[in-house]
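# Structural overview for review
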Amino acid sequence: MNQGCSKTRRAETGSIPTVAYHDVKKRFGNFVALAGVSMEVRKGEVVCLIGPSGSGKSTLLRCTNGLELIDSGEITLDGEKLPNDWDGMRRVRQRMGMVFQNFELFPHRTALGNVMAGPKSVLKQPRQVAEHRAMELLRKVGLADKATSYPAQLSGGQQQRVAIARALAMDPEIMLFDEPTSALDPETIGEVLNVMKQLAEEGMTMIVVTHEMTFARRVGDWIVVMDRGAIVEQGSPEQIFESPTKERTRDFFSHLGWSG
Amino acid sequence: MNYDWSVVWRNADVLWEGTKVTVFLAVTTMAIAIPGGIALALMRLSRIRTLSIASAVFVELFRNLPLILVIYSAYYILPVATGVRFSPIATAIVALGLNVSAYNGETFRAGIASIRQGQSEAGYALGMSRFRVMIDVILPQAVRRVLPVLASSWVSLFKDTSLVSVISVGDLAFESMRVRSQTFRVLEMLTAMAVIYWMLGYPQAKLVDWINNRYRVSE
Amino acid sequence: MSLDFSAVFTSWQFLLAGVGDTLALSALTIALSLVLGGAIGLARCYGPSGLRWALIFYIDSMRSIPVLVVLVWTYFALPIVTGVTLPPFWAAASALTVHISAYVAEIVRAGIISVRPGQSRAAFALGMSRTQAIREIILPQALVRMLPALGSILSITIKDTAIAAVIAVPEYMNRSQTVAGQSFHPIEVFLAATVVYFTIIFPVTRVVDIVYARLAYLGRS
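This text gives an overview of the structure that appears in the document.

Another aspect to go through is the overall build of chain B. Within chain B one finds 9 helices and 0 strands. Each helix and strand of chain B, placed in order from N terminus to C terminus, yields the pattern α-α-α-α-α-α-α-α-α. With the C-alpha coordinates of chain B rotated into their principal frame, the extents come out at 75 × 50 × 25 Å. Taking all 219 residues of chain B together, 50% fall into the buried category. Look at the contacts in chain B between residues 6 or more apart in sequence, and 77% of them connect residues 24 or more apart. Approximately 10,000 Å² of chain B is accessible, and the part contributed by carbon and sulfur atoms is 65%.

Where 2 pairs of chains are in contact, the pair with the most contacts is made of chains B and C. Left apart from each other, chain A and chain C have a closest C-alpha approach of 23 Å.

Residue and element names in this part refer to chain B. Mapped onto the fold, Ile 196 is located in helix α9 (residues 186–218). On the accessibility criterion, Ile 196 (17% relative accessible area) is buried. Taking the C-alpha atoms as reference points, Ile 196 and Ala 173, 23 residues apart in sequence, are found 9.9 Å from one another. Filtering out sequence-adjacent residues up to four positions away, Ile 196 remains in contact with Leu 15, Thr 19 and Leu 172.

Within the element layout of this structure, Ala 125 of chain B appears in helix α6 (residues 117–125). In this view, Ala 125 of chain B contacts Asn 65, Arg 93, Met 96, Met 98 and Phe 100 of chain A; residues no more than four positions away in its chain are not counted.

Residues and elements named next belong to chain A. Here helix α6 (residues 156–168) crosses helix α7 (residues 186–201) at 20°, and the two axes come no closer than 8 Å. Between α6 and α7, the interaxial angle falls into the category roughly parallel. The two elements α6 and α7 cross, and the hand of that crossing is right-handed. Across the interface between the two elements, Gly 157, Gln 158, Gln 160, Arg 161, Ile 164 and Leu 168 of α6 pack against Thr 188, Glu 191, Val 192, Val 195, Met 196 and Leu 199 of α7. Grouping the constituent residues of the contact of α6 with α7 by class yields 6 nonpolar, 4 polar and 2 charged.

Take the interface of chain A and chain B next. Often the size quoted for an interface is simply the accessible area lost on bringing the parts together. Counting from both sides, the interface comprises 25 residues of chain A and, opposite them, 19 residues of chain B. Each partner contributes to the roughly 1,900 Å² buried at the junction of chain A and chain B, and carbon and sulfur atoms together form 58% of this total. Where chain A meets chain B, there are 2 salt bridges. For the pair chain A and chain B, the number of links is 7 residue pairs in polar contact (both at pLDDT 80 or more). Broken down by secondary-structure element, the contributors of at least two residues to the side of chain A that touches chain B are α3 (86–93), β6 (96–99), α4 (111–122) and α6 of chain A. Considering each element in turn, the side of chain A that touches chain B owes the most residues, 4 residues, to α4 of chain A. Taken together, the residues of the side of chain A that touches chain B sort by class into 12 nonpolar, 6 polar and 7 charged.

Ranked by internal contacts, the top residues of the largest apolar core, which has 86 residues, are Leu 25 and Met 193 of chain B together with Leu 25, Leu 71, Met 173 and Tyr 197 of chain C. Among the nonpolar cores identified, the runner-up in size contains 52 residues, and Leu 49 and Val 92 of chain A together with Ile 38 and Ile 115 of chain B belong to it.

Right, let's talk about the environment of Leu 40 of chain B for a bit. With respect to the secondary-structure elements, Leu 40 of chain B resides in helix α2 (residues 12–45). Here Leu 40 of chain B is in contact with Ser 55, Phe 58, Val 59, Ser 101, Ala 102 and Gly 105 of chain B, once residues within four sequence places are set aside.

Looking now at the packing of aromatic side chains. Going through the model one piece at a time under the given rule, you end up with 16 aromatic pairs over all chains. Ring centres of Trp 154 of chain B and Phe 158 of chain B lie 6.3 Å apart, and the angle between their planes is 40°; on these two criteria the pair is classed as tilted. Here Trp 154 of chain B and its partner Phe 158 of chain B are both found in helix α7 (residues 130–160), 4 residues apart, which amounts to about one turn of the helix. Residue Trp 154 of chain B is classed as partly exposed on the basis of its relative accessible area, which comes to 24%. Centroid distance Tyr 202 of chain B to Phe 57 of chain C: 6.3 Å. Interplanar angle 40°. Geometry classified as tilted. Highlighted residues: Tyr 202 of chain B in helix α9 and Phe 57 of chain C in helix α3 (residues 49–64), drawn from two different chains. Judged by its relative accessible area of 19%, Tyr 202 of chain B falls in the buried class. Classification of Phe 57 of chain C as partly exposed rests on a relative accessible area of 45%. Linked through ring pairs, Tyr 72, Tyr 75 and Tyr 76 of chain B together with Phe 190 of chain C together constitute an aromatic cluster. Positioned over the ring face of Phe 76 of chain C is Arg 180 of chain B, at 4.7 Å from the centre of the ring. Above the face of the Phe 14 of chain C ring, Arg 175 of chain C is positioned so that its terminal group lies 4.8 Å from the ring centre.

About the criteria used
Along each chain, residue indices are assigned from 1 in the same order as the chain's sequence is written. Each chain is given a letter, starting from A, and each ligand a number, starting from 1, according to the order in which they appear as written. Local features in a predicted model are, by the rule used here, given only for residues with pLDDT of at least 70; side-chain atom pairs are given and counted only at 80 or more, and totals for whole chains, interfaces and linings are based on all residues. In computing side-chain values, all of the structure's heavy atoms are included and hydrogens and water are not. Every helix listed is a DSSP run of H or I at least four residues long, and every strand listed is a run of E at least two residues long, numbered separately from the N terminus. Here the term buried applies to any residue with accessible area under 20% of the maximum for its type, exposed to any over 50%, and partly exposed to those in between, with areas from a 1.4 Å probe on protein chains only. Residue contacts are defined here by distance: any two heavy atoms, one from each residue, within 4.5 Å place the two residues in contact. To measure how exposed things are, a 1.4 Å probe is used in the Shrake-Rupley method; for residues, cover is taken only from the protein chains shown. What counts as an axis is a line fitted to C-alpha atoms, over the stretch in contact for a helix, and the angles between N-to-C directions run from 0 to 180 degrees. Note that the term roughly parallel is reserved for angles under 35 degrees, roughly antiparallel for angles over 145, roughly perpendicular for angles of 65 to 115, and oblique for everything else. Throughout, a crossing is termed right-handed when the near helix is turned clockwise from the far one, and left-handed when it is turned anticlockwise from it by less than a right angle. In the scheme used here, Gly and all other residues not listed as nonpolar or charged are polar, with Ala, Val, Leu, Ile, Met, Phe, Trp, Tyr, Cys and Pro taken as nonpolar and Asp, Glu, Lys and Arg as charged. Each of two parts loses accessible area, computed with a 1.4 Å probe, when they are put together; buried area is these two losses added. Take a side-chain nitrogen of Lys or Arg and a carboxyl oxygen of Asp or Glu: if they are within 4 Å of each other, that pair is a salt bridge. The term polar contact refers here to a pair of N or O atoms within 3.5 Å; inside protein, the definition further demands a hydrogen-donor-capable atom paired with an acceptor-capable atom, and it admits residues adjacent in sequence only when both atoms are side-chain atoms. Each nonpolar core is a collection of buried residues, namely Ala, Val, Leu, Ile, Met, Phe, Trp, Tyr and Cys, held together in the definition by side-chain atoms within 4.5 Å. Pairing of aromatic rings covers Phe, Tyr and the six-membered ring of Trp, with a centre-to-centre limit of 6.5 Å; geometry is then stacked below 30 degrees between planes, edge-to-face above 60, and tilted otherwise. Two limits define a charge over a ring: the Lys NZ or Arg CZ must be within 6 Å of the ring centre, and within 35 degrees of the ring normal.

Printed below as a string of structure tokens:
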């Protein structure tokens, strides 16, 4: 939701960004996924990463919570540099929530069981505490009545909402969304985007990799356009969508058939 | 030639004892071989190269040897290698246990590997350690997935227990053939042996089919 | 523990002959089982229902009875019933074939039913007859899917030939027992047997894996 902070964003100096990337580089063999990415995500902001496939958007997201380790550069969370090793990142991951394109709910657990998975296994919370919080979260995403259903019994949109609740159960400082609606039927995309919009209105810091331009335009505070591992352009939604300055941004929009 | 089928009834108690030994061997072996198989699979997937290689060698070795040879070898090698006198039945359990663990090791490895990477990632994203991800996310799914294969593995094991008769373990095969030698009722006893194995094995085979069907439906 | 392999080396010709018997028995059994099992598998899928039930019974029975029991019965009991006494090698070949054909038949059946029903529908839509559709569309795809399981039948058969030792077939296992008994060095003899069997079976398993990896793409629909 445009909280107005986008307009004052660049005017604020001195406040520590929630996440900052300094010249982050990553390659897979010979393929350069990230060619030196630098940007900031401020508290309470919804940053939308857009761009063609293979542009590095998902890689950047996965480097943020350490599912991929970067080759060089640094990523900071609340000003502290993130460790670049798997085990070190484990603690950090507890402070971030991630929602996957394929939902990745645990099929052998109920919806409630899935939402409880983090607090119980990782935070070692007692069963009742975890269960209570999990039911709260399921209510929040509108699926309290599906608590005892298994993922196989839920629609895609429902599964993704449970996945969001699961990530929220860890009380993260920031939520990372990796193309959350790309695997959904058009009818169910709306229900997921609504939950995300609600989260944004509540002030959650979010980084969203998405192809849903309407969502980015309406809910995003800061748009980052990526191509071939680098940031092409970044700015407020008005600026990017209405008057993009870079050729590649305009190209990208015309390929999508996006006319604003 | 006249047949005397009553020899079967007269020795029913001996055959029953043999059957009990057969079932005992199968159950005990599987009780060892399932945790054994999981352990071997985890070793194979471990990042510690020594463990991974040791597991691979172990599994390849036992999968490429006849069980009857393993049984004979165990019979002669175990007492010398460990300095402990093994009873025939203990030898049998060791041989069967090693053998089936190896097969299960490969089964579990394939099962674990078949779970989508995204599942582990979802676990890691929640802050789970590799250990937690394996225990809470991967293994529960892998075990369900390999259940049909384990069921087949059980049926094979049940039949393979007959091989321990060669080292004089008193299973169904051994007792049947012993009564045959004592009474010279060859056809009757051997047929009885076949029929009893059939009666024990047929329902198990059908159960395996049922498990396979149920598994396919829920996919 | 000091090992003395001299007994193995002195009897090497005797043991080597056993390898020949093992390989011969394996090859014969595999060939016969593939043919018989293939026929039974096809009949199981496409034959008249009376025949199908009989075959299902046969297949399930062979899945329930241990190889040892089939071997022993064929060698000792069959002559009593039929009056025909088979020499050990042929008794073993028959028994193993009858047993393994059941597994081959099941593999054939699994391969056939794994081909998507849409494939036969497409074939019929083109105007093919049932036989044509089976022969040209279903079976080729089914065949590729059967390969890994059939490949494992190869190594299973070789391992099962070792059981034929108990009915006096002079294959390698049997000869090892003879040498072990005479030499009082059973450990060395059986260790040698381990090496010999591994050397025979391991390449077979590997080659099957490689062949399947090369051909797997043909079976995917």
